Amino acid sequence: MKMRENLSKINELLEIPKEVISNIPKVTMIGNEELLIENCQGVLEYEEFFIRVATSIGNININGFKLNLGKITEDNICVKGIIENIDFECR
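A brief report on the enclosed structure follows. (Residues numbered from 1 in each chain as written. Predicted model: local features only at pLDDT ≥ 70, side-chain atom pairs only at ≥ 80, totals over all residues. Heavy atoms only, no water.)

## A few points about the overall build of the chain
The test is simple: Every helix listed is a DSSP run of H or I at least four residues long, and every strand listed is a run of E at least two residues long, numbered separately from the N terminus. The rule is simple: take the accessible area with a 1.4 Å probe, protein chains only, and divide by the maximum for that residue type; under 20% is buried, over 50% is exposed, in between is partly exposed. Contacts are assigned to residue pairs that have any heavy atoms within 4.5 Å of one another. In this description, accessible areas are obtained by the Shrake-Rupley approach with a 1.4 Å probe, and a residue is regarded as covered only by the protein chains that are shown.
The number of helices and strands found in the chain is 2 helices and 6 strands. When the helices and strands of the chain are listed from N to C terminus, the series reads α-α-β-β-β-β-β-β. A burial count over the chain gives 26% of its 91 residues as buried. Long-range contacts, defined as pairs at least 24 residues apart, comprise 41% of the intrachain contacts of the chain with a sequence gap of at least 6. As displayed, the chain has an accessible area near 6,400 Å², and 54% of this comes from carbon and sulfur atoms.

## Topic: the pattern of salt bridges
Heads up, the condition is: Salt bridge, as used here, is a side-chain nitrogen of Lys or Arg placed within 4 Å of a carboxyl oxygen of Asp or Glu.
All chains considered together, the criterion is met by 2 salt bridges. One salt bridge connects Arg52 with Glu89, and the closest N-O pair in it is separated by 3.0 Å. Highlighted residues: Arg52 in strand 4 (residues 50-55) and Glu89 in strand 6 (residues 76-90), separated in sequence by 37 residues. In this structure Glu89 comes out as partly exposed when scored by relative accessible area, which is 31%. Several salt bridges share partner residues, and in doing so they unite Glu45, Arg52 and Glu89 into one network.

## Comments concerning the sheet that holds strand 6
Definition in use: One requirement defines pairing of two strands: DSSP has to find at least two bridges between them. Angular values range over 0 to 180 degrees, each being the angle between N-to-C directions of two axes fitted as lines to C-alpha atoms, with helices fitted over their stretch in contact.
Taking strand neighbours across the sheet as the criterion, the 6 strands line up as 1-2-6-5-4-3 in an open arrangement whose pairing is antiparallel. In this open sheet, the two strands that pair with only one neighbour each are strand 1 (26-30) and strand 3 (40-46). The average angle at which neighbouring strand axes cross in this sheet is 30°, direction not considered. Sheet analysis places strand 1 next to strand 2 (residues 34-38), joined by 5 bridges and oriented antiparallel. Counted as the bridge partner of Val27 is Ile37 from strand 2.

## Topic: the nonpolar core
Threshold: As used in this record, nonpolar core signifies buried Ala, Val, Leu, Ile, Met, Phe, Trp, Tyr and Cys residues forming a set joined through side-chain atoms within 4.5 Å.
Leu35, Ile37, Cys40, Ile51, Val53, Ile60, Ile62, Leu67, Ile77, Val79 and Ile83 together form the largest nonpolar core, which totals 11 residues. Discounting residues that sit within four places of it in the chain, Val79 has contacts with Glu33, Glu34, Leu35, Ile51, Ile62, Leu67, Asn68 and Leu69.

## Some remarks on unusual backbone geometry
Look at Asn39: it is not a glycine, yet its phi comes out positive at around 60°. The buried category is assigned to Asn39, whose relative accessible area is 13%. Here the phi dihedral of Lys66 falls at roughly 50°; this positive angle occurs in a residue that is not glycine. Looking at the secondary structure, you find Lys66 in strand 5 (residues 58-72).

Here you go:
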């Protein structure tokens, strides 16, 4: 317990973002046409109007029109299209 508190204090002092030291997803939206999800675990569903992405804290659901997957890496996914709604299914 004490070591975890010390690591937390060190990370805070160094201003290291939470998503870098943990597996917590980071969601960045550019307008309503592009969405980047970092620290994700994969695509569960993919339709032109709906995409479901798995993360460590639950699923992220993206609703819209003409949705498609842009660049995909081991733990990042870019969704492009007309994004209407995003919701989270927390575990």
